[in-house]
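Observations on the model geometry
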Amino acid sequence: MHNKSIRKILLITAVLILICSAIFFIPYEKHFVFIDSETSEIAVRIPVIEDRFKIRYTHSIHLSEVFESYRLSRDGQLVLTELEYEDFNIGMPSNAGEGERFVEKDGKYFIKDMKRELPEFRLLIGDVDAELVFLFAGKELDLKKSLERGKIYTFRAQRLSIYQQLEGVNIYE
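All of the points below concern the structure found in this document. Note that the structure is predicted; figures quoted are calculated from it, not measured.

What counts as what
Residues numbered from 1 in each chain as written. Predicted model: local features only at pLDDT ≥ 70, side-chain atom pairs only at ≥ 80, totals over all residues. Heavy atoms only, no water. Salt bridge = Lys/Arg side-chain N within 4 Å of Asp/Glu carboxyl O. Helix = DSSP H or I, 4+ residues; strand = E, 2+ residues; numbered from the N terminus. Buried < 20%, exposed > 50% of the residue type's maximum accessible area, 1.4 Å probe, protein only. Contact = heavy atoms within 4.5 Å.

Another point: the pattern of salt bridges. Once the charged atoms of two side chains with opposite charge are near each other, the side chains can pair. Overall, the coordinates contain 11 salt bridges when judged by the stated rule. The closest approach of N and O atoms between Lys 108 and Glu 84, which form a salt bridge, is 3.4 Å. Separated by 24 residues along the polypeptide, Lys 108 in strand 7 (residues 108–112) and Glu 84 in strand 5 (residues 78–85) bring together distant segments of the chain. The exposure class assigned to Lys 108 is partly exposed, which follows from its relative accessible area of 26%. Accessibility expressed as a relative area gives 14% for Glu 84, which makes it buried. Between Asp 113 and Arg 101 there is a salt bridge; the shortest N-O distance is 2.6 Å. Here Arg 101 lies in strand 6 (residues 101–105) and Asp 113 lies in the loop between strand 7 and strand 8 (116–118), a separation of 12 residues in the sequence. The network of salt bridges with shared partners includes Arg 56, Glu 65, Glu 131 and Glu 140.

Attention now goes to the environment of Phe 136. Within the secondary structure layout, Phe 136 lies in strand 10 (residues 132–136). Separated by 88 residues in sequence, Phe 136 and Val 48 place their C-alpha atoms 9.2 Å apart. Among all residues touching Phe 136, those that are not within four sequence positions of it are Phe 32, Ile 46, Pro 47, Val 48, Ile 49, Glu 50, Arg 52, Phe 53 and Tyr 172.

Given below as structure tokens:
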């Protein structure tokens, strides 16, 4: 009888360990992540509480603001939906692509109705004092304060486990 009790306790313990491991290591919560391209470690994470965000930056040549608007598709792709800028010069488009609309309004240029899907993109954090902001859920998150200048990061949306959420800094808090 004593052996049956010990086996039962060991079986229950093993099942509990497996359940706890699954809870701790199985990805479940979606985050926007900036992954260090050199180390592949999550440097910054932002819980996905809305499916839309913008990135605002100062163009390095024109020194004018540029807004890139994105949404997250159901399958986790980043979809570039709109581009807003003030100058046509180097590095900026002069017209819309197929199915897109080019709009000029109040001295600004817009490319609307964009549906450019990306699984991820690379982002160089320049070592200049120019703005780079992640606009999300009513907050402005300064990426230059959170990410190391001069480094390249991979940006994407992905599900993270509790263990993975221990990596990086949640800059939304």
